[in-house]
Amino acid sequence: MNTGTTSPAEAPALTADRTVHRRLVHKRAVEQVLTTAVAESGGRLLGTAQLPRLHRHYNDTRAPYHDLLLVGEAARQTVEAIVHELLHVPLDRRFVLGDLGIAFTTLEAVRTGPEPADLLVELDIDRLRRRRDGSVRSLRGAATCRIGGRDAARFTGTLLFLEGDSYDDLRAGSSGPRAPGTGEAPPRCEPSAVGRTDPRNVVIGGLRTERPEAGGKPGETVADIVADPQDPVFYDHALDHLPGMLLMEAARQTALAARAHTRPVPAGTLLATGCRARFLAFAEQSAPARCRARPLENTGTETVAVTVEQRGEAVAELEITVEAVPEADRPGRAARAPTPTAPPRSAR
């Protein structure tokens, strides 16, 4: 992980006085909008977002760093706004994720502080394909994310932009209803098992170890995904599938639980610093989904491979990089992130 700083070329003034229109980032609730501005300057595609310090979900941690998937969500929103505003992709296009990645490049740059952090996102397009009429059909790119002039994270992804009829054709082969199931959701696991404090922010349950290997090696850590259509973070608006960010959060929580079990250490002393996801199929809302996690060996980092399964088939494959929170920043020390508001007793 890089510990240096960068001095990017002077960027145009991008205001952080207000957020962009919610439609540009595919949100229904204004409170979920993080992006504040986008602009093009000398061929550079730029945007800004502000990272909240007391978000119910993303700030539910005792480590004094911005959450990895919060930075990923801010970058994702900003790239979407860039695509609409600067690449002129119509607002009625459906965005389909092929893959997505977010990784910290300088841990100290994402440390929380007494003031809000403004994230500068610069998108570099590796591949862009257009239709015959000139409209953008798909792109693959990488975004450098900076805080206070320092490299903080790198965001990557592949996006496909479909008209309504084309999206309906793509989804026509899905099995079962697309609405959320009416069955009882599996109970959530204890927040401490996945590095959380608020039970509302736990998105997995039924943690268990399956298929132990010979020679005393641990088996896979398996967890059921708890999809709550009433959750305002992942279900800001109606969807016909399980959201990709929910799958990433479930994989991250399963990976932390797996590492906490094999080390063994409390999950709250571990920090996800990288996440790469490849989406193989739509995860349907009408059938149970689960995560299977196993630590990878000989990778040079503490990486956990996670497969999201539904009906016995893989719908997503992820790799989560997990590091120990520095000793000085662990719970009980002076440095600590803001403590979230206590949940209601009825939260599961």
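Residues numbered from 1 in each chain as written. Predicted model: local features only at pLDDT ≥ 70, side-chain atom pairs only at ≥ 80, totals over all residues. Heavy atoms only, no water.

Section: the sheet that holds strand S1 (residues 35-41)
Within the open sheet, the twelve strands sit side by side as S1-S2-S4-S5-S6-S3-S9-S12-S11-S10-S8-S7. Their pairing is antiparallel. The open sheet has two edge strands, S1 and strand S7 (204-210), and neither has a second partner. Each adjacent strand pair in this sheet contributes to an overall mean axis angle of 25°, direction not counted. Of the pairings in the sheet, the one linking strand S3 (residues 94-104) to strand S6 (residues 150-162) comprises ten bridges and is antiparallel in character. Within the sheet, the bridge partner assigned to Gly101 lies in S6 and is Thr156. Of the strands in this sheet, S1, strand S2 (44-51), S3, strand S4 (117-130), strand S5 (136-147), S6 and strand S9 (270-279) are in contact with helix H1 (residues 68-85), which crosses S3 at around 135°. Lying on the sheet, helix H2 (residues 164-171) is in contact with S3 and S6; it crosses S6 at an angle near 90°. (Pairing = 2+ DSSP bridges. Helix = DSSP H or I, 4+ residues; strand = E, 2+ residues; numbered from the N terminus. Axes fitted to C-alpha atoms, helices over the stretch in contact; angles between N-to-C directions. Contact = heavy atoms within 4.5 Å.)

Thoughts on the confidence of the model for the protein chain
Summary statistics for the protein chain give a mean pLDDT of 88 and a share of 85% for residues scoring 70 or more. Segment residues 334-348: pLDDT under 50, and 34 contacts once partners within four positions in sequence are set aside and those in other chains are kept. (pLDDT = per-residue confidence, 0-100.)

Concerning the pairing of S9
Among the ten residues of S9, eight are classified as buried, and the element is accordingly described as predominantly covered. Here S3 pairs with S9 via five bridges, running antiparallel. Bridge pairing in S9 places Ala103 opposite Gly274. Summarising the sheet, S9 and strand S12 (residues 313-324) pair through nine bridges and their orientation is antiparallel. Across the sheet, the residue bridging to Cys275 is Ile320, located in S12. (Buried < 20%, exposed > 50% of the residue type's maximum accessible area, 1.4 Å probe, protein only.)

Observations regarding the packing of H1 against helix H3 (residues 244-262)
Interhelical geometry of H1 versus H3 gives an angle of 165° and a closest axis separation of 11 Å. With respect to their mutual orientation, H1 and H3 come out roughly antiparallel. The two elements H1 and H3 cross, and the hand of that crossing is right-handed. Where H1 approaches H3, its residues Leu69, Glu73 and Arg76 are matched on the opposing element by Met245, Met248, Glu249 and Arg252. Here the residues of the contact of H1 with H3 sort into three nonpolar, no polar and four charged. (Parallel < 35°, antiparallel > 145°, perpendicular 65-115°, else oblique. Left-handed = near helix turned anticlockwise from the far one by under 90°. Nonpolar A, V, L, I, M, F, W, Y, C, P; charged D, E, K, R; others polar.)

Quick word on the pattern of salt bridges
Should their charged atoms come close, side chains of opposite charge can pair. A full pass over the atoms with the stated rule returns 31 salt bridges. Residues Arg76 and Glu80 are paired through a salt bridge, measuring 2.6 Å at the closest nitrogen-oxygen approach. Taken together, the residues span about one helical turn, with Arg76 and Glu80 both in helix H1 at a distance of four residues. The exposure class of Arg76 is buried, given its relative accessible area of 14%. Owing to a relative accessible area of 6%, Glu80 belongs among the buried residues under this scheme. With a shortest N-O distance of 2.6 Å, Arg278 and Glu317 are connected by a salt bridge. Placement of Arg278 in strand S9 and of Glu317 in strand S12 is noted, with a sequence separation of 39 residues between them. Residues participating in the shared-partner salt-bridge network are Arg208, Glu210, Glu220, Asp224, Arg290, Arg292 and Glu309. (Salt bridge = Lys/Arg side-chain N within 4 Å of Asp/Glu carboxyl O.)

A look at H1
Over its 18 residues, H1 runs 26 Å from end to end, which matches the ideal 26 Å to within 8%, given 1.5 Å per residue. Of all 18 residues in H1, 17 are buried; the element is thus mostly enclosed. A side-chain oxygen of the first residue of H1 lies 2.8 Å from the backbone nitrogen of Leu69; this N-cap is Asp67. (Expected span 1.5 Å × (residues − 1). Polar contact = N/O pair within 3.5 Å; in protein donor to acceptor, adjacent residues only side chain to side chain.)

Re the packing of aromatic side chains
Scanning the entire structure with this criterion turns up two aromatic pairs. Measuring from ring centre to ring centre gives 4.7 Å for Phe95 and Phe161, while their planes differ by 65°; the resulting arrangement is edge-to-face. In this pair, Phe95 is assigned in strand S3 and Phe161 in strand S6, connecting sequence segments 66 residues apart. Exposure remark for Phe95: the relative accessible area of 17% places this residue in the buried category. You can call Phe161 buried: its relative accessible area is 0%. The cationic tip of Arg94 hangs over the ring face of Tyr167; the distance from NZ or CZ to the ring centre is 4.0 Å. Here the guanidinium or amino end of Arg171 rests over the ring plane of Phe282, the centre of that ring lying 4.3 Å away. (Phe/Tyr/Trp six-rings, centres within 6.5 Å; stacked < 30°, edge-to-face > 60°. Lys NZ or Arg CZ within 6 Å of the ring centre and 35° of its normal.)

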